[in-house]
Structure formats: structure tokens, C-alpha cells
Amino acid sequence: MPLQDLIQADLPFLRNLRQDLHAHPELGFEEERTSGIVASLLEEAGFQVHRGLGKTGVVGTLQVGNGMRTIGLRADMDALAMPEHAERPYQSKFPGKMHACGHDGHTTLLLGAARYLARIRKFSGTVHFIFQPAEEGRGGAKKMVEDGLFDLFPCNAVYGLHNMPGLAVNEMAVTAGPQLASSDSWFVTFMGVGTHGAKPHLGKDPITASGHFLAALQTIVGRVVNPLQPAVVSACSVQAGDQRALNVIPDMVEIGGTARAYSAEVRDQLEAEIGRLAKGIAAMFDINVSYEFRRRIPPVINHADATVRALKAAQAVCSSKVVTNFEPSTAGDDFAFFSEAAPGAYVWLGNGPAMNGALHHNAAYDFNDEAIPTGVAFWVALIEQELSA
Ligand SMILES: [Zn+2]
Ligand SMILES: [Zn+2]
């Protein structure tokens, strides 16, 4: 039976599975039910299964023939802490939790490929199916790596896939180079001397200093970073004073934000420049400042060789409908920790048009089950090509 027919035969099962996962979303490191389902389906299909890597992570290993090459495929399993605002039969049963990024789909696609590959076994080598917890800002990939993912399961290459609204369900995007930005947090606290709002000369006002800092912040991207290198610096939280005490200049202003870049050099530059600006402003106003730049996720940069392999698989499935110059996203994905450990490629799978304008992280977003055949076929083609028997 050809690939597409076998995937079609498994489609009712996979669609039900996807909708069941959607109805039972779990947040990062809490994916007990989801990882339990993943592990038991892998065991059922004859895999060696390793549970509990990165708390709720699961790795299923399939070795066929005597090929020496080893490939890692990543799916993320977690949902977001947000309500679902859409009427659908498989709506979230857990208030305040929702699969608004389509990770229910990613888990399903990788299980679909695992079931197919375990049955047809038309390759020679080893595949590690990596089911990652806590992609949404909770550090699941890093935790898996720290728990020994690549010591236990060394890989010659790793691949990740994410759904993308706006591309058709029979369409994919595979592009070399930067895909997703680094995603880091920064914290600036200006400490002055609180005083009466009517007597500012008797204190040191951190609010006025903060105003100068915020106004100057965009000069880092506009005047310091190379204009040919993308970068984002945003202040996303400013905390000071009290609306009920409008005659008090507070001691302290706490500012926090995000910094994004596509290269290690610009990332270093943002860390240095935000701090330099904060310290300079503090000196200017004779107040104190503390600064912390917290590195969260490196940029996802597709490796040239892994990208060629992924592109060949995508073309085998989607023929001419593969976008090769897809614009990078300023979002982040901690798949970056996997592709730091082995040559990696991160690809986009079409999710069809954005329904009612709902994009990733919208309360009405949904993975499109019509994309399941393309996604499963891509994973299968990648393995059968890269580990050709
Ligand atoms: Zn997301
Ligand atoms: Zn996502």
C-alpha cells in the first residue's frame, strides 16, 4: 500500500487522538496525561520508551537494520495558560488551559509517523522520537538536555516542525539560516530616594530617570545595532508608585522587557547595550540601578546540511508547494537547545487560512486536522530518505 493510503487508513485514529489531546490540554511540565498516552502508544507500536526525561518528556527509539546514522525528531506537547473562546465539540475541558499553539497537532503528527515507520520499517538506522514538555517559556528542551537527552540518545541530526497558519495544508516552508529569534528577558531597577511629590529637590526621582531610559531604549536598535541585522528590544512591564498616593515620589521603578536577535553577536550586543544605557541614565540622574539580562532561548538557526535534507523530504511530499524563503519569526522556540547539540532544521507545516483571523496564541486558534497527512508524510519521507535502506 502506498504511503498516502496507509496514512489515510490511520487518519480517523489520528484525528480522534488530536481532538482528544485538544480537549485535555496540559501546561508545561504537567503533561502527565499526554505523555502517558504518548508512551503507551509508542510501547504498543514496539518502541523502546524512556519516560521522565525533563520531568514529563518521553523518548521512543526505533532501530531498524544496521545503519549507523541516528536522527532525532521533536514534537512539543504543552498547552498555554489561557481560556479557549471557540465553540467546538472537542473544546478544552480544563478552564484556563488551551492548545492555542497547535502542539496537540505536533504530538499527533509524530505519533502518526512513529506508527507508520514501526510498521513499514523501510529504513536502516535509528530514530529517536522526542516528545518534549514545556516549550511555551518553561524551559522543557533545556531540562531534557540537562537530564542527558543527547548522552542517552546521541543524534547525528535533529528536526523540529511547527504548524503555520497562512500556508495551505499541502504546503510547507523550509528555509536555511535564522528561523526564530533568541528570546531573553531583561530587568532594570532604578533606585532613587523617595520624597514628597511637592518637594522633588529633597529626594532623587527614579520616575523621571525611567522616562529618559524608556525614550532612549529604541536607540539601541535604531543607532547601535547594524541596520542589516534584525533586533527587537521591548519594555513590557513598568512598575512604580501607587495611583492612591499621587503626592509621593517612590523610591524605586522596576522595568522589565524582552530582547530578540538572530545571531549570537547581536544577542551579546543587546545584553551589553541595555545595561550600558541603564547605568548611564542612572549616573546622569545620580541614582542607583541594578541590571539583569536573563538568557532564556538561543535563536533557531537552520543548519545548511540538515536544511537540504528537510527540503528534499518536503519536496517529496508537497512537490512544488514548498516555500524556501520563508520570513523568520521574532517568536522563539527552545528547539534551539536541541539544534545547538546536533545539526538541526526547523520547518513550517501549513495550517490553512487563519480561521476568523485567529493566529498562534489566539483564544480561538486550532490545529487543522487536514494538515495531518502532509505532516505525517513529511516525517516519514525525511526518515526514509535520510536513513535509506
Ligand atoms: Zn506557542
Ligand atoms: Zn508552538
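To be clear, the structure that these remarks concern was listed above.
Residues numbered from 1 in each chain as written. Chains lettered and ligands numbered in written order. Predicted model: local features only at pLDDT ≥ 70, side-chain atom pairs only at ≥ 80, totals over all residues. Heavy atoms only, no water.

## Considering the coordination of the zinc ion (ligand 1)
Test applied: Listed donor atoms are N, O and S within 2.8 Å of the metal (Na, K and Ca: 3.2 Å). As water is not included, a site may look incomplete. Key to geometry: four donors with every angle between 85 and 135 degrees are tetrahedral; four donors are square planar and six octahedral where opposite donors lie over 155 degrees apart and all remaining angles lie between 65 and 115; all other sites are irregular.
The zinc ion (ligand 1) binds to the protein through Cys101 (SG), Glu136 (OE), Glu136 (OE) and His361 (NE2); the donor distances cover 2.0 to 2.7 Å. Around the zinc ion (ligand 1) sit four donor atoms; with metal-centred angles ranging over 52 to 151°, the donor geometry is irregular. Here the donor residues of the zinc ion (ligand 1) are spaced in sequence according to C-x34-E-x224-H. Between the zinc ion (ligand 1) and the zinc ion (ligand 2), a spacing of 3.1 Å is present, and a bridge between the two is formed by Cys101.

## Details of the layout of surface pockets
Rule in force here: Points on a 1 Å grid, built from protein atoms alone, make a cavity when a 1.4 Å probe fits but cannot get out and make a pocket when they are open with protein on both sides within 12 Å along at least 5 of 7 lines; residues with an atom within 4 Å of a point are the lining residues. Grid points are joined across faces, edges and corners, and a volume is the space filled by probe spheres set on the points. To qualify as a helix, a DSSP run of H or I must reach at least 4 residues; to qualify as a strand, a run of E must reach at least 2; elements of each kind are numbered from the N terminus. Each residue is assigned to one of three groups, with Ala, Val, Leu, Ile, Met, Phe, Trp, Tyr, Cys and Pro labelled nonpolar, Asp, Glu, Lys and Arg labelled charged, and all others, Gly among them, labelled polar.
In this structure, the largest pocket spans a volume of roughly 370 Å³. Lining the largest pocket are 19 residues, with Glu135, Glu136, Ala331, Gly332 and His361 positioned closest to its centre. Listing elements by their share of the lining of the largest pocket, those giving two or more residues are strand E5 (157-164), strand E13 (288-297) and strand E16 (344-350). Residue composition of the lining of the largest pocket, grouped by class: seven nonpolar, seven polar and five charged. The volume enclosed by the second largest pocket comes to roughly 200 Å³. Lining the second largest pocket are 16 residues, and of these Asn351, Met355, Asp366, Phe367 and Asn368 lie nearest its centre. Of the residues belonging to the lining of the second largest pocket, the class tally is eight nonpolar, two polar and six charged.

## Here we look at the coordination of the zinc ion (ligand 2)
We apply this condition: Relative accessibility decides the category of a residue: with a 1.4 Å probe and only protein chains considered, values under 20% of the type maximum give buried, values over 50% give exposed, and everything between is partly exposed.
Distances from the zinc ion (ligand 2) to its protein donors, namely Cys101 (SG), His103 (NE2) and His162 (NE2), fall within the range 2.1 to 2.3 Å. Donor residues binding the zinc ion (ligand 2) come from one chain and are separated in sequence as C-x1-H-x58-H. By relative accessible area, His162 is classed as buried at 5%.

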